[in-house]
Amino acid sequence: MESIIHIDGLKRHYMMGDTLVAALDDVKLDVNPGDFLMIVGSSGSGKSTLMHLLGLLDVPTAGIMEIRGQSMTGSSEAKLSWMRNKHIGFVFQQFNLLNDLNVIENIALPLVYRGVPRKIRHERAKELAVKLGLGKRFRHHPKELSGGQLQRIAIARALIGNPDIILADEPTGNLDSATSREIMQILYDLNDQGHTIIMVTHDPKLADMGTRKVTLLDGHIVEDVPGKRKKPEKTVEEEGANDGQRHGVGVSDLVRIGINEGLLAHQMRTFLTMLGIIIGISSVIAMSSFSLGSKQKQADQIRALGANLVKIVDKQFENERLVETRVAGSLGLSRADLNSLRGGIPDIEKAACVREIKLNVVHSLGGLSPRVLGVQGDYLEVNNLSLAEGRFFDGKDWAGSSRTAIIGSAIAKQIRTLKADRNDTSPLLGDTLLLGGNPYVIVGILKEKAMDLDELEATSVSDPNRDLLIPLETLLTRTAHLDLRSEVDEIHLQLKNEDSLTRAGKSIRSILDVTHSGVMDYDMVIPMDLLKQKQQSQHLLDILTICISSISIVVGGIGIMNIMLASVTERIREIGIRRAIGATKMDIMRQFLMESMTISITGGLFGVVLAGIVVICVCQFIGLPVVFSLPLLCIALVASTLTGLVFGIYPAYQAANKNPVDALRSE
Ligand code: ADP
Ligand code: MG
């Protein structure tokens, strides 16, 4: 009969300082299907070393090793892990169960590394648990069970993958004699069913109870004799060993391990580790939201003024400069300019011109301090103003230079306060104001306009609530002194849309170039452009925020790395067990990477939620619109994922490269 395991010239040597320890030397052994091999020998004779080699957990220093005719010498780590998972079931003296998993999860663990779906593997685990007399203790955890029960679980775990060979290293060493007998009976039953069993024992009563007894001494086989037990008739063929399943942990299992081990196992310390990520992510998102919110607020305000507004402002030269410009042929900004612009630029929708004058303004009840403006054209529309009461100037007012006035809401309030003090209840409309000593009738009152003066400084717009408007013609003919000053201070143009701003800007320049004989005695101001410039300077702040937050995220990443390294050291035994039941190095690497990524992604999500809460509360409080940038949210989550990945690689690598034998010996 062909042997199931064939070893020849097998050596395992250790260097202890300068001395060579030959734990196994020149071992030749053929294990046949159906054998129940009892390995005996004094402590330190090499029994465990042999078991680890047979179980493909350790690599021999020299020698041949074949399993079912396949040579294991020089095989890759992944191949050895797969062979181990497929052909070998381990039972240890220390049971070596995972304390965080319940009975069923422990039994089913080998199938996790075969990629068997959770439902199927749990069904099989339950069947085995019942068969091995574990009753219905499916959800119990190892801490709640007795030694005999733990060893039954371990045997069930060794059996679930339907292996040909069961390796048991002193399986009854930690059990009382009654329980030992029960466990031995299970092993005998398995042997009767055809499983090949190799068992190490210290118990002289058990030594002869196998089909063969192999005695080790100082790393050599000194005796190989038949035992009292008869070999079973049938033997397990390679059945079920290949399952048709792919080898490797499924993503859902990885995620489950990540959440259980990475997040839930040590909640407090994990949370503290996450703080760096939480703070980093939430500050990036919150700061960017504030910055976007204030930009939007400014943009809204500019839109309220008219986003497609162009102002042409006279430079208001004085003395020699003024004379020079006049001599050079420019009359300054004038109503004629407005007409030329209107005629020459089809993009202009509305237009107005304005001239300010310093005049003493008095109501019969007291003095006022408005800014007096002579206006003509679509002044209200262009400046996004509207009337609360009364009317705007009409053609007659301009043509007849009528002495009429429209007052801003702040001025109206001022007069109303004066009146209220005197218990005067007469209406404001129709009241008379004295401008420079001449009576003007109030024909209209402007609606109040919400203004944020700080924000508007950059856009050179002043508060229209404090204005007093009179017809431009009245100002020019009845109040202005004839001098060299330009006829109007500003021309306001409202274009059809924002896009035509640049195009119109060029046309305006070329028209005014002609009417002003090439003299640049005016400025062109586009409030929207000023706003854009201002927003550009905010970029710097944004970049600074991103830098500081990145530092926080990196610090968070280092925290994760630190905690993962500690975790690897703490969980050496777990790593050894997982490797022993067939996990590859890559499986372990993936598991630990998934754990660190779970921490960082959760931190990122917490950060996003925290930022959301902060932004919504703070924006309510300081009156900013709530704006979240979706791309930034995505970037933040990707950044936190990458942090877990990058800072998890080193600990995961460390975990994957732990020697499973050392990990299992470190009890
Ligand atoms: P047994 O299981 O028969 O008691 P082992 O196989 O555990 O014996 O050990 C055999 C010999 O190999 C012992 O002398 C032991 O000290 C030595 N040995 C085992 N593992 C190591 C190791 N990692 N480094 C050095 N020596 C080791
Ligand atoms: Mg031992």
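Since this is a predicted model, take the numbers as computed values, not measurements. The residue numbers shown here count from 1 along each chain, following its written sequence. The lettering of chains begins at A and the numbering of ligands begins at 1, in the order of writing. Confidence filtering applies because this is a predicted model: local features only for residues at pLDDT of at least 70, side-chain atom pairs given and counted only at 80 or more, and all residues used for totals across whole chains, interfaces and linings. Note that water and hydrogens are dropped before the side-chain values are worked out from all heavy atoms of the structure.

Working definition: residue near molecule or strand if any one of its non-hydrogen atoms lies within 4 Å of it. What surrounds ligand 1 is the set Tyr14, Met16, Ala23, Ser42, Ser43, Gly44, Ser45, Gly46, Lys47, Ser48, Thr49 and Arg665. Here tyrosine 14 contributes a side-chain N or O atom positioned 3.5 Å from a nitrogen atom of ligand 1. Two N or O atoms form a polar contact when they lie within 3.5 Å of each other; inside protein one atom must be a possible hydrogen donor and the other a possible acceptor, and for residues adjacent in sequence the pair counts only when both atoms belong to side chains. Separating an oxygen atom of ligand 1 from a side-chain N or O atom of threonine 49 is a distance of 2.5 Å. Each accessible area value is a Shrake-Rupley result obtained with a 1.4 Å probe; residue values ignore everything except the protein chains displayed when judging cover. Isolated, ligand 1 exposes 560 Å² of accessible area, and the fraction of that covered by the protein chains is 71%. Here a strand is any run of E in DSSP of at least two residues, a helix any run of H or I of at least four, and the numbering for each starts at the N terminus. Looking at the shell around ligand 1, the elements with two or more residues in it are strand S1 (5-16) and helix H1 (47-54). At three residues, the largest contribution of residues to the shell around ligand 1 is made by H1. Ten residue types, Ala, Val, Leu, Ile, Met, Phe, Trp, Tyr, Cys and Pro, are classed as nonpolar, four, Asp, Glu, Lys and Arg, as charged, and the remainder, Gly among them, as polar. Its residues placed into classes, the shell around ligand 1 shows three nonpolar, seven polar and two charged.

What follows concerns the environment of serine 180. If you trace the backbone, serine 180 turns up in helix H6 (residues 177-192). As a C-alpha pair, serine 180 and glycine 147 span 33 residues in sequence and 9.9 Å in three-dimensional space. Any two residues whose heavy atoms approach within 4.5 Å are treated as being in contact. When sequence neighbours within four positions are dropped, the list of residues in contact with serine 180 reads Thr172 and Leu175.

What follows concerns the domain arrangement of the chain. Many analyses report the size of an interface as the accessible area lost when the parts associate. Residue ranges assigned to the domains are those given by an automatic or database domain assignment. What the domain assignment lists for the chain is domain 1 (5-248), domain 2 (262-298 + 541-665) and domain 3 (316-520). Measuring from the centre of the C-alpha atoms in domain 2 to the corresponding centre in domain 3 gives 59 Å.

The next thing to look at is the packing of aromatic side chains. How two aromatic rings sit relative to each other is given by the distance of their centres and the angle of their planes. Note on aromatic contacts: the rings of Phe and Tyr and the six-membered ring of Trp form a pair at centre separations within 6.5 Å, being stacked when their planes are under 30 degrees apart, edge-to-face when over 60 apart, and tilted otherwise. Inspection of the entire model under this criterion finds five aromatic pairs. Ring plane angle 45° and centroid distance 5.3 Å describe the contact between phenylalanine 36 and tyrosine 188, whose orientation is recorded as tilted. Of the two residues, phenylalanine 36 is situated in strand S3 (residues 36-41) and tyrosine 188 in helix H6; the sequence distance between them amounts to 152 residues. When a residue's accessible area, from a 1.4 Å probe over protein chains only, is under 20% of the maximum for its type it is buried; when over 50% it is exposed; and in between it is partly exposed. Exposure remark for phenylalanine 36: the relative accessible area of 0% places this residue in the buried category. Residue tyrosine 188 is classed as buried on the basis of its relative accessible area, which comes to 12%. Relative to tryptophan 398, the ring of phenylalanine 393 has its centre 6.4 Å away and its plane inclined at 65°; by these criteria the two rings are edge-to-face. Note on phenylalanine 393: relative accessible area 5%, which makes it buried. Residue tryptophan 398 is classed as buried on the basis of its relative accessible area of 15%. An aromatic cluster is built from Phe392, Phe393 and Trp398, whose rings are joined through pairwise contacts. A ring is scored as having a charge over it whenever the NZ atom of a lysine or the CZ atom of an arginine sits within 6 Å of its centre and within 35 degrees of its normal. Just above the ring of phenylalanine 317 sits the side chain of arginine 321; from NZ or CZ to the centre is 4.1 Å.

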